[in-house]
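Chain by chain, the residues run as shown.
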Amino acid sequence: MLKPLLSDFFVIFAVSGVSGSVFHADVTAADQGEEKGTTIKNLAKAIGFDKKAVIILKQSAGTTETLYLVGQDMDLSAYSNITLKFEPGAVLHHGIHKLRLPRVEAGLHRIFSGSGAVTITDVKYPEWFGAKGNNKDDDTAALQAVMNTGGKIKLSDRTYRFSFLTLPAAGTTLEGNGWSSVLTTTAPVTGNTAPAVWIKANDITLKNFKLTWAIRPQALQAFNSINNNSTVSVGWSEIVGRATVIANTVIDHICVAGGKQHGIAVGRSRNVRVVNSTVQFPRATGIWAYYSNSIRIENNRVEETGDDGIYVAANGPDRYGPDAYSINPVISGNTIINAGAKGSG
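The rules we used
Residues numbered from 1 in each chain as written. Predicted model: local features only at pLDDT ≥ 70, side-chain atom pairs only at ≥ 80, totals over all residues. Heavy atoms only, no water. Helix = DSSP H or I, 4+ residues; strand = E, 2+ residues; numbered from the N terminus. Buried < 20%, exposed > 50% of the residue type's maximum accessible area, 1.4 Å probe, protein only. Contact = heavy atoms within 4.5 Å. Areas by Shrake-Rupley, 256 points an atom, 1.4 Å probe, with all protein chains shown as cover. pLDDT = per-residue confidence, 0-100. Pairing = 2+ DSSP bridges. Axes fitted to C-alpha atoms, helices over the stretch in contact; angles between N-to-C directions. Core = buried A, V, L, I, M, F, W, Y, C linked by side-chain atoms within 4.5 Å. Salt bridge = Lys/Arg side-chain N within 4 Å of Asp/Glu carboxyl O.

1. Notes on the overall build of the protein
- Scanning the protein from N- to C-terminus turns up 2 helices and 31 strands.
- Every one of the 345 residues in the protein was classed for burial, and the buried ones make up 50%.
- Contacts spanning at least 24 positions in sequence make up 58% of the contacts within the protein whose residues lie at least 6 apart.
- Here the protein displays about 14,800 Å² of accessible surface, and carbon together with sulfur accounts for 49% of that area.

As structure tokens, this is what we get:
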């Protein structure tokens with residue numbers, strides 16, 4: 001049974017399993033950001049901020065994907081009472097425009113199409129930005145798009161192939177379901193390159209996934225470098241330039257397998273915790289820190305390194321500035337097996 005709501009433009013539908021009033025956005029609208037008819041923006045405005053409601057984006061029959069066009073920046077973040085529910089095949093095509101959205105409900109399929117920043121108050125998935133996770137297609141663009149959004153990012157039990165990734169948004173948490181959630185880098189195994197995964201902002205957490213190389217480097221790379229060529233880099237990379245100090249990084253329950261130089265490299269950072277993780281087969285050092293303050297390296301397992309298992313350099317201030325110390329390190333509870341040089345130093 002249909003009931004009019006607020007005006008003749010809005011109707012409530014009873015939908016099984018959905019809590020709150022339910023509305024359907026008009027897929028034919030030229031711009032979902034306009035306050036007109038049954039666009040997403042106008043529906044949200046009419047619903048208000050008090051009652052729970054769901055706005056459903058449906059897939060049109062006979063189409064692989066149904067595009068809901070957004071022609072301007074759209075900010076719905078204040079509507080914490082509203083959920084945007086995407087049916088499989090429904091996609092917000094926002095181009096260069098920025099989206100700030102409340103809670104989103106969708107399966108593991110693409111729901112965003114565009115280069116504009118997307119901010120969501122709840123957890124988000126690489127699949128929403130087009131990642132396949134099939135260990136075949138290149139997911140770099142989709143993975144980088146979701147990394148740029150920051151917040152809580154969840155990896156599924158899949159293998160995502162990529163070349164290079166950066167984490168540029170402060171407060172990002174990238175978490176998998178364990179080592180069945182895999183990031184596989186296709187970065188070149190020769191030559192001088194940026195880190196495969198580079199942490200470039202404060203308050204970032206990596207947790208519960210595996211990071212591997214599509215082709216495992218076989219020879220120790222003789223680079224005169226700090227963090228570049230490493231698998232995971234926190235802070236400084238000489239390839240791109242000397243970054244500002246990065247603070248409050250947590251690497252927890254990560255497996256890093258392979259690497260043409262260091263497995264995990266920490267440079268020009270402070271308050272970094274590398275804990276409960278495994279590093280296997282790097283061609284140089286397993287866990288390596290330089291110009292870093294108050295780093296904690298605890299309860300890790302480091303195996304088959306080309307150089308030291310764990311190395312923390314205790315350099316004082318130099319031309320890189322007053323933060324160039326490596327002071328107050330804590331190294332405890334680690335297991336090191338078959339290090340090419342020292343176990344720790």
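2. Topic: the confidence of the model for the protein
- Across the protein, the average pLDDT comes to 84, with 80% of residues at 70 or higher.
- Predicted confidence in the protein is weakest over strand β1 (residues 3–5), with a mean pLDDT of 39, and strongest over strand β6 (residues 74–75), with 98.
- Here residues 237–243 scores under 50 on pLDDT; set against residues more than four positions off or in separate chains, the count is 19 contacts.

3. Here's the deal with the sheet that holds strand β11 (residues 112–114)
- With parallel pairing, the 3 strands of this open sheet are ordered in space as β5-β8-β11. The two strands at the open ends of the sheet, each matched to only one other strand, are β5 (66–69) and β11. On average, each strand axis in the sheet is tilted by 30° relative to the strand beside it, whichever way the strands run.
- Sheet topology places β5 next to strand β8 (residues 90–95); 4 bridges connect them, and they run parallel. Counterpart to L69 in the pairing with β8 is H93.

4. A look at the nonpolar core
- Ranked by size, the top nonpolar core spans 65 residues in total, and within it I40, I55, L92, L101, F112, L183 and L206 carry the most contacts.
- Not counting residues up to four positions away in its chain, the partners in contact with I55 are F23, A25, I40, L43, A44, I47, I82, T83, L84 and K85.
- In terms of nonpolar packing, the next biggest core, distinct from the first, is built from 5 residues, W288, Y290, Y291 and A313 among them.

5. A few points about the side chain of D139
- By the secondary structure assignment, D139 is in the loop between β13 (134–138) and α2 (140–149).
- With near-sequence residues (within four places) excluded, D139 lies in contact with G130, A131, K132, G133, Y160 and R161.

6. Some remarks on the sheet that holds strand β7 (residues 82–86)
- As summarised here, the arrangement of the 4 strands in space is β3-β4-β7-β10, forming an open sheet in which the pairing is parallel. The two strands at the open ends of the sheet, each matched to only one other strand, are β3 (21–24) and β10 (103–105). For this sheet, the mean inter-axis angle between neighbouring strands, taken without regard to orientation, is 25°.
- Packing of helix α1 (residues 40–47) onto the sheet brings it into contact with β3, β4 (53–57) and β7, and relative to β4 it is tilted by some 170°.

7. A short note on α2
- In terms of burial, α2 is a largely internal element, 7 of the 10 residues being buried.
- Where α2 is concerned, the buried positions are T140, A142, L143, Q144, V146, M147 and T149.
- Two residues or fewer after α2 comes G150, characterised by a positive phi angle close to 70°.

8. Let's talk about the pairing of strand β24 (residues 269–275)
- Pairing of strand β22 (residues 246–257) with β24, which is carried by 6 bridges, proceeds in the parallel orientation. Bridge assignment links I251 to a residue of β24, and that residue is V274.
- Here 3 bridges tie β24 to strand β27 (residues 296–298), and the two strands are oriented parallel to one another. Looking at β27, one finds that V275 is bridged to E298.

9. Notes on the pattern of salt bridges
- All told, the structure shown has 10 salt bridges when counted by the stated rule.
- Residue K85 is joined to E105 by a salt bridge in which the shortest nitrogen-to-oxygen separation is 2.8 Å. Of this pair, K85 sits in strand β7 while E105 sits in strand β10; the two residues are 20 residues apart in sequence, bridging distant segments of the chain.
- Here K85 falls in the partly exposed class, since its relative accessible area comes to 22%.
- Judged by relative accessible area, which is 32%, E105 ranks as partly exposed.

10. Digging into the pairing of strand β28 (residues 301–305)
- As defined by bridge partners, strand β25 (residues 278–280) adjoins β28 across 3 bridges and the pair is classed as parallel. For T278, the partnering residue across the bridge sits in β28 and is R301.
- Sheet topology places β28 next to strand β31 (residues 335–339); 4 bridges connect them, and they run parallel. Bridge pairing in β31 links R301 to T335.

11. Thoughts on the environment of T173
- Considering the arrangement of structural elements, one finds T173 in strand β17 (residues 173–175).
- On the basis of relative accessible area, T173 is assigned to the partly exposed category, the value being 25%.
- The spacing of T173 and D203 is 30 residues in sequence and 8.5 Å in space, taken between C-alpha atoms.
- For T173, the residues in contact, after removing those within four places along its chain, are G151, K152, I153 and T205.

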